[in-house]
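# Observations on the three-dimensional arrangement
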Amino acid sequence: MLRLCNPILFQYLNLGNKTIGNSCGLEFVRWRRKPRWLPVAKSKMFRIPQRKPQSLEEKSELLRLHNNYRTQMRSIRQYLREENQRIAETTTTDHIALTPKQEEEEFNRCLQENEKWNNEINKIRELRLAKEREETKAYVQEKLRLAEEREEEKMQRIESLVKKEKELSKTFITHEKLDEAIEHALANPVDYNFALDLQGNIYRGRSNVPMSTEPAQK
């Protein structure tokens, strides 16, 4: 591992080298202890460490301190157990035996409280359902109004189309007017063919007679 050196130490180590002008350098850093992710060395894998000898005075002192600690912890646990039992008996009524009359009174009280909650929830539900009904009614009425408007527009378009077709039907060739229409077509021939020359003259029909000698307007 590499890290930055102390500038003073770097200057001390490079007194003989005058070519280095900056005040920083690198040095190798080794782990002081073996990292914990490395396994046990093979030379120490089966080694059993020797227990240090313990004097009689030290052993007796440690035993005395251990006994005192166990006695104090046992006293604290017993005190907390008694205190918890006393609080449970004085503050809660779960462990108190009730007479049949008291149990019936408690059941009736709980029943009345439950009925009260049910009534309150029922009122809230009724208000919510009434509001939802009004919103649904307004939504349906708006949809019906829009549908009626669309239907009226559709009928108006149909009526205008029918009127247009009725006006066009006056020019239709019926069976009774068929002979008259044929005679009119023969008496008044119409030819929609025409041609243009380089000067812009228009030649209509098959007679090749120019209709106009003036050039076409561009």
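Just above sits the structure.
The present account deals with the structure reproduced in this document. (Residues numbered from 1 in each chain as written. Predicted model: local features only at pLDDT ≥ 70, side-chain atom pairs only at ≥ 80, totals over all residues. Heavy atoms only, no water.)

## Some words on the overall build of the protein
Here is the rule: Numbering of helices and strands starts at the N terminus; helices are DSSP runs of H or I of at least 4 residues and strands are runs of E of at least 2. Buried means the residue's accessible area, taken with a 1.4 Å probe over protein chains only, is under 20% of the maximum for its type, while exposed means over 50%, and partly exposed covers the values in between. Computed with a 1.4 Å probe, the accessible areas rest on the Shrake-Rupley method; for each residue, only the protein chains presented here act as cover.
Within the protein one finds four helices and five strands. Helices and strands in the protein line up, N terminus first, as β-α-β-α-α-α-β-β-β. Burial statistics for the protein: of 218 residues in total, 3% are counted as buried. On the protein, roughly 22300 Å² of surface is accessible, and the fraction owed to carbon and sulfur atoms is 57%.

## Brief notes about a negative patch on the surface
This is how the line gets drawn: Note that patches include only residues with greater than 30% relative accessible area and no salt bridge, and the join distances are 9 Å for like charges and 5 Å for nonpolar side chains (Val, Leu, Ile, Met, Phe, Trp, Tyr). Salt bridge, as applied in this entry: a Lys or Arg side-chain nitrogen positioned within 4 Å of an Asp or Glu carboxyl oxygen. Charge assignment: positive for Lys and Arg, negative for Asp and Glu; neither His nor the chain ends contribute. Each charge is placed at NZ for Lys, CZ for Arg, CG for Asp and CD for Glu.
Taken together, the side chains of Glu 148, Glu 151, Glu 152 and Glu 153 define an acidic patch exposed on the protein surface. Inspection of the secondary structure assignment puts Glu 148 in helix α3 (residues 100–169).

## Focus on a positive patch on the surface
On the surface, Arg 70, Arg 74, Arg 77 and Arg 81 cluster together into a positively charged patch. You can see Arg 81 is positioned in helix α2 (residues 56–91).

## So, the pattern of salt bridges
Counting across every chain of the model gives seven salt bridges. For Arg 64, the salt bridge identified is with Glu 61, shortest N-O distance 2.5 Å. Note that Arg 64 and Glu 61 are positioned in helix α2 at a spacing of three residues, about one turn of the helix. According to the relative accessible area criterion, Arg 64 is partly exposed, its value standing at 42%. The partly exposed category is assigned to Glu 61, whose relative accessible area is 36%. Between Glu 106 and Arg 109 there is a salt bridge, with its nearest N and O atoms 2.6 Å apart. With Glu 106 and Arg 109 both in helix α3 and three residues apart, this pair spans about one turn of that helix. You can call Glu 106 partly exposed: its relative accessible area is 35%. Through salt bridges with shared partners, a single network forms among Glu 142, Arg 145 and Glu 149.

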